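# Chain and residue survey
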Amino acid sequence: MTSSDALPTSPPPVPLSSPFRHAETDRDAAPQFVLPLVVRIEKAAPPARTDALETAARAVLVLLSDERSTAEDGEWAEAVRDWQDARIRKVVRRARGAEWRRAQTLPGITLTGRAEAAEGDGPAAEVRVFPPVPLDGWPKELAKLQVSGTDLDDPAPPPPPDPAGPILWLSPEVGMSAGKAMAQAGHGAQLAWWKLDDAQRAAWREAGFPLAVRTASAERWSALTGSGLPVVRDAGFTEIAPGSCTVVADHPALRRP
């Protein structure tokens, strides 16, 4: 499971307190919403961990850039605005079989991972992202899904990421379940999205939101957290200590010369 925080599709004109800060902030006074993500994990054929993390991060970006979220009269726009005015929480649940089919009937967007799985890697990851819902108002089809049991593995180490592309670097110092890491990767992608200008966002979207999720080495992590790139600091609602740095969003357009 995961539950944490993050900021709006377009940064507000007056800066708000950080949605990732674990201390109480003005965001806590707003109605609280959560972005549900459901990962398909069939018992006999689970997806690879890294593929699931990357697919979840892309799913968040696709929802943020969807016209239903961005248009003033978009059907998801109000929910997305309310969600971004409060804590930016994401919760990952798992589904299989009939549970997964029922989840597909609710409004949302399903993304599939890598087009071709390497031999022995299992099926491509499938993640469905839904518009934000009130923290205590989950649709019954999703409320019944389990938040535990999202532990996934990579059959083989993932290849080195493209250094010229966006990379979401996971902390080597914080252990997380796959579900927690999926949400944290989504937070990192969202922070990068907010930092980009309109042209940079459009280019990333038109390219299909390419990105990689990798765990940084201790040496690289130290440099990344001091680089000025967006850093996710978890609120500590689940699994890890409040204030833990979990992800650095390393997008080429945000790198210092």
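## Observations regarding the sheet that holds strand S7 (residues 212-215)
Within the open sheet, the 4 strands sit side by side as S7-S6-S9-S8. Their pairing is mixed. The open sheet has two edge strands, S7 and strand S8 (231-233), and neither has a second partner. Each strand axis lies, on average, 20° off the axis of its neighbour in the sheet, ignoring direction. Across 3 bridges, the pairing between S8 and strand S9 (residues 245-250) is antiparallel. By the bridge assignment, Val232 is partnered in S9 with Val247. Each of strand S6 (167-170) and S7 touches helix H1 (residues 49-65); the most contacted strand, S7, lies at about 130° to it. Contacts from helix H8 (residues 218-225) reach S6 and S9, with the element oriented near 75° to S9.

## Considering the packing of aromatic side chains
As enumerated under the stated definition, the model contains 2 aromatic pairs in all. When the ring of Trp193 is compared with that of Phe209, the centres are 5.7 Å apart and the planes differ by 70°; the resulting orientation is edge-to-face. Of the two residues, Trp193 is situated in helix H6 (residues 178-195) and Phe209 in the loop between helix H7 (198-206) and S7; the sequence distance between them amounts to 16 residues. With respect to class, Trp193 is no different from Phe209; both count as buried. Members of the aromatic cluster, joined through ring pairs, are Trp193, Trp204 and Phe209. Looking at Arg93, its charged tip hangs above the ring of Trp138, at a distance of 4.2 Å from the centre.

## Remarks on H7
Between the side-chain oxygen at the start of H7 and the backbone nitrogen of Ala199 there is a gap of 3.1 Å, and the oxygen is on Asp197. Gly208 sits one or two residues past H7 and shows a positive phi near 90°.

## With respect to unusual backbone geometry
Excluding glycine, residues mostly carry a negative phi; peptide bonds, for their part, are mostly trans. With phi around 55°, Phe209 is a residue other than glycine that occupies positive phi space. With a relative accessible area of 3%, Phe209 lands in the buried category.

## What to know about the pattern of salt bridges
Overall, the coordinates contain 7 salt bridges when judged by the stated rule. Between Arg214 and Glu54 there is a salt bridge, with its nearest N and O atoms 2.8 Å apart. Placement of the pair is Arg214 in strand S7 and Glu54 in helix H1, with a sequence separation of 160 residues. Under the relative-accessibility criterion, Glu54 is labelled buried at 16%. Its salt-bridge partner being Arg68, residue Asp66 comes within 2.9 Å of it at the nearest N-O pair. By relative accessible area, which is 13% here, Asp66 ends up buried. Among the ionic contacts, a cluster of salt bridges with common partners joins Arg40, Glu42 and Glu126.

## Description of the confidence of the model for the protein
Predicted coordinates in areas of low pLDDT are best not read in detail. Residues of the protein with pLDDT of at least 70 account for 83%, and the chain-wide mean is 86. Segment residues 1-17: pLDDT under 50, and 75 contacts once partners within four positions in sequence are set aside and those in other chains are kept.

## Thoughts on the environment of Pro31
Relative to the elements of secondary structure, Pro31 occurs in the segment before strand S1 (33-40). Sequence separation between Pro31 and Pro134 is 103 residues, and the spatial gap between their C-alpha atoms is 7.7 Å. Setting aside chain neighbours within four positions, we find Pro31 in contact with Asp82 and Ala86.

## A closer look at the environment of Leu224
In this fold, Leu224 is placed in helix H8. Note: C-alpha distance between Leu224 and Asp250 (26 residues apart in sequence) is 8.3 Å. With residues near it in sequence (within four places) discarded, Leu224 still touches Trp169, Ala216, Leu229, Val248 and Asp250.

## Observations concerning the environment of Leu254
Note that Leu254 resides in the segment after S9. Spatially, the C-alpha atom of Leu254 lies 8.7 Å from that of Gly228, the residues being 26 residues apart in sequence. Not counting chain neighbours up to four residues away, the residues in contact with Leu254 comprise Ala192, Lys195, Leu196, Leu229 and Pro230.

## Notes on the side chain of Arg94
Its location among the elements puts Arg94 in strand S2 (residues 89-95). The side chain of Arg94 is buried and forms no salt bridge, while Glu99, the nearest opposite charge, is found at 5.2 Å. For Arg94, the residues in contact, after removing those within four places along its chain, are Val38, Val39, Ile41, Glu99, Leu145, Gln146, Ser148, Gly149 and Thr150.

The rules behind each value
Residues numbered from 1 in each chain as written. Predicted model: local features only at pLDDT ≥ 70, side-chain atom pairs only at ≥ 80, totals over all residues. Heavy atoms only, no water. Pairing = 2+ DSSP bridges. Helix = DSSP H or I, 4+ residues; strand = E, 2+ residues; numbered from the N terminus. Axes fitted to C-alpha atoms, helices over the stretch in contact; angles between N-to-C directions. Contact = heavy atoms within 4.5 Å. Phe/Tyr/Trp six-rings, centres within 6.5 Å; stacked < 30°, edge-to-face > 60°. Buried < 20%, exposed > 50% of the residue type's maximum accessible area, 1.4 Å probe, protein only. Lys NZ or Arg CZ within 6 Å of the ring centre and 35° of its normal. Polar contact = N/O pair within 3.5 Å; in protein donor to acceptor, adjacent residues only side chain to side chain. Salt bridge = Lys/Arg side-chain N within 4 Å of Asp/Glu carboxyl O. pLDDT = per-residue confidence, 0-100. Lys, Arg positive; Asp, Glu negative; His and termini not counted.

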